[in-house]
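These are the residues of each chain, in order.
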Amino acid sequence: MNLKYGLTQIFFFASVCAMMGYASNYLLGMGCSNSEIGITLALCSVIAVFLQPTLASIADRIETSKLNRMIQLILAITIVFSLILYFIPLPQMALLGCVVVVFSLTSSLMPLINALAFVFEKYGCKINFGLARGLGSGAYALTSMIIGYVVNAVDITIMPFAYILFNGLLYIVISTYHIGKAETEGVQSEKTEEAQASNQMSMFAFMMKYKGLVLFFAGFVCVYFAHTIINNFFIQVVTNVGGTDSDMGNAISLAAFLEIPIMFLFNKINTKIKITTLLRVSLLCFALKHLLTYLATNMFMVYAAQVLQMGAFALFTPAAVYYVNQLVSKEDMVKGQSLLTASQTLSGVFASLLGGILLDSIGVQTSLMIGAILSFVEIGRASCRERV
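Residues numbered from 1 in each chain as written. Predicted model: local features only at pLDDT ≥ 70, side-chain atom pairs only at ≥ 80, totals over all residues. Heavy atoms only, no water.

Draft legend 1. Representation of the overall build of the protein in the model. Scanning the protein for helices and strands turns up 20 helices and zero strands. Looking at the protein as a whole, 55% of its 388 residues are labelled buried. The contacts in the protein between residues at least 6 apart in sequence include a share of 86% that link residues at least 24 apart. Total accessible area computed for the protein in this model is approximately 16,000 Å², and 69% of it derives from carbon and sulfur atoms. (Helix = DSSP H or I, 4+ residues; strand = E, 2+ residues; numbered from the N terminus. Buried < 20%, exposed > 50% of the residue type's maximum accessible area, 1.4 Å probe, protein only. Contact = heavy atoms within 4.5 Å. Areas by Shrake-Rupley, 256 points an atom, 1.4 Å probe, with all protein chains shown as cover.)

What follows is the structure, given as C-alpha cells:
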C-alpha cells in the first residue's frame, strides 16, 4: 500500500506541475494576457474552493471503495477535457473554459489524495505520508525540469498531452487500491453512533466545532498569498531577470528536489520538534524567500531564493496536514483536510486575480515587493496571536 500511495503522490504532483506550474507559460503561448491568466486561475480556485468541501462531505459518508471510484470519475473527466485541448483547435473562450474544468477538478483532488493516507490506517495499513509526499515533490521537480526543456525544444501546445499522460497513470494506480471484504466488514461493525453523526455533519457545523482550526486556516491563506503569486507567474519573474523557460524549469526543480529530504525525514523531525514550532519556522522561511525573490537581479539570486523552499513549503506542507489531523477526530478527517486545501486554494483566488492585475498595472518588481511585505506582516500577526 505504501508503494501504491507513493505512486499516487508521484503522478498527482507530476500532473499538478504540468498544469499549475506551467499555467502562465501555456496560456501566454495561447495568446492570453496576464490579467486574463489571473482571472482564469482565480476562477479555477473559486470552483475548487466550493468543490473541495462538497467532495469531502461525500467522502466522509461513503466506503473506501466508492472514494476510489469518485477519484477515478474526476480523473476521467479531466482526461476527456485534456484530449479536447490537445486535439481540437478552440477559440480562446472555449479553450479557457476547458482549462478551468481541468485545473479546478485536479485541485479538488488534493484533499482526497491526502486523506487516503489516513483513511487506510483504519484497515491496518500504515502509510508513511512524509515519504510519499517527498516522492511527490521529487516527481514535481523532475517533471518541471523535463517540461522546461521539452517546451523549449517543441512547443507550448504540448502541455495538454502531459495532463493526459499523468492523469491517465494516476487513474491506473487508483484502480489498483483494494481492501479485503473481511477488513471492511470489521471496520464497519465498529462504527459508533458518534462517528455516524459526525459523518452527517455539514461544513458549517464542522467550522463551529473547530473554531481554533478556522483561525489557522485564515493564517494559511495569508501565508500562501505571496507564494502563489510567485508560482502562478513565475515565468514573468524569471524573464524579468533575463531567464528563459528552461531556467524556470531548473529553478522549480531545484526547489522541489530540496523539499525531498525534509519530507522524507519529517516523521523523525516531528518526534523531536513540536508541530507548532515547525509551522513558525516555515513561516519565517516563506517570508525570507519572498523577500529574496523581490531583491533578485539575476538567476543566481532566484536560485538562492528557491533554496529556502526546503524550510518553507517543504516543512509547512506535511506539518499542516499533521496539525489538522491532530486537532480533528478521525470521523472529521476528510473535512479537515478539505478545508486545509480549500484555504490554500482560496489564497490562489486572491493571488491569481490580483497578481495578474498587479503585473499588468505596476509590473513584476512592485508586485513582488507587495507580496514580501504581506509575508512579514503575517509573521507579526502570528507572533501577536501566539502571545495572546
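After that view, the rundown keeps rolling.
Draft legend 2. Quick peek at the packing of helix α14 (residues 245-264) against helix α17 (residues 299-307). Remark: α14 packs on α17, axes separated minimally by 8 Å, with the N-to-C direction vectors making an angle of 25 degrees. With respect to α17, the axis of α14 lies roughly parallel. As α14 packs across α17, the resulting crossing turns out to be right-handed. Counted together, D247, N250, A251, I252, L254, A255 and L258 of α14 and M299, V302, Y303, Q306 and V307 of α17 form the full contact between these two elements. In terms of residue class, the contact of α14 with α17 is built from nine nonpolar, two polar and one charged. (Axes fitted to C-alpha atoms, helices over the stretch in contact; angles between N-to-C directions. Parallel < 35°, antiparallel > 145°, perpendicular 65-115°, else oblique. Left-handed = near helix turned anticlockwise from the far one by under 90°. Nonpolar A, V, L, I, M, F, W, Y, C, P; charged D, E, K, R; others polar.)

Draft legend 3. Molecular detail of helix α12 (residues 211-232). Under the 1.5 Å per step criterion, the end-to-end length of α12 is 31 Å for 22 residues, consistent within 8% with the ideal 32 Å. At F225, α12 shows its strongest bend, of approximately 35 degrees. (Expected span 1.5 Å × (residues − 1). Bend = angle between axes of the 7 residues up to and from the residue.)

Draft legend 4. Representation of the packing of aromatic side chains within the structure. For the structure shown, the criterion picks out seven aromatic pairs. Judged by centre distance (4.9 Å) and plane angle (80 degrees), the ring pair of Y86 and F87 falls under edge-to-face. Residue Y86 is classed as partly exposed on the basis of its relative accessible area of 31%. A relative accessible area of 58% places F87 in the exposed class. (Phe/Tyr/Trp six-rings, centres within 6.5 Å; stacked < 30°, edge-to-face > 60°.)

Draft legend 5. Up close: a nonpolar patch on the surface. On the surface, L142, M145, I146, Y149, V150, V154 and F257 cluster together into a nonpolar patch covering about 610 Å² of accessible area. For the nonpolar patch, the element with the highest residue contribution is helix α7 (residues 129-153), accounting for five residues. (Patch = residues over 30% accessible without salt bridge, like charges linked within 9 Å, V, L, I, M, F, W, Y side chains within 5 Å. Salt bridge = Lys/Arg side-chain N within 4 Å of Asp/Glu carboxyl O.)

Draft legend 6. Spotlight on the packing of helix α1 (residues 2-21) against helix α8 (residues 159-175). The N-to-C vectors of α1 and α8 enclose an angle of 165 degrees; their axes lie 9 Å apart at closest approach. One finds that α1 runs roughly antiparallel with respect to α8. Considering only the axes of α1 and α8, their crossing is left-handed. Facing K4, L7, T8, F11, F12, A14, S15, A18 and M19 of α1, the residues of α8 in contact are M159, A162, Y163, F166, N167, L169, L170, V173 and I174.

Draft legend 7. View of the side chain of Q9. Topologically, Q9 is positioned in helix α1. A distance of 2.8 Å separates polar atoms of two side chains, one belonging to Q9 and the other to Y5. The residues contacting Q9, other than those within four sequence positions of it, are I113, N114, F129, A132, R133 and G136. (Polar contact = N/O pair within 3.5 Å; in protein donor to acceptor, adjacent residues only side chain to side chain.)

Draft legend 8. A look at the confidence of the model for the protein. Put simply, the protein has an average pLDDT of 80, and 88% of its residues get 70 or more. Note that residues 189-195 has pLDDT below 50 and, in this model, three contacts with residues that lie over four places away or in other chains. (pLDDT = per-residue confidence, 0-100.)

Draft legend 9. Focus on the environment of Y294. If you trace the backbone, Y294 turns up in helix α16 (residues 275-295). Its relative accessible area of 22% is what places Y294 among the partly exposed residues. Between the alpha carbons of Y294 and Q365 there is a distance of 6.4 Å; along the sequence they are 71 residues apart.

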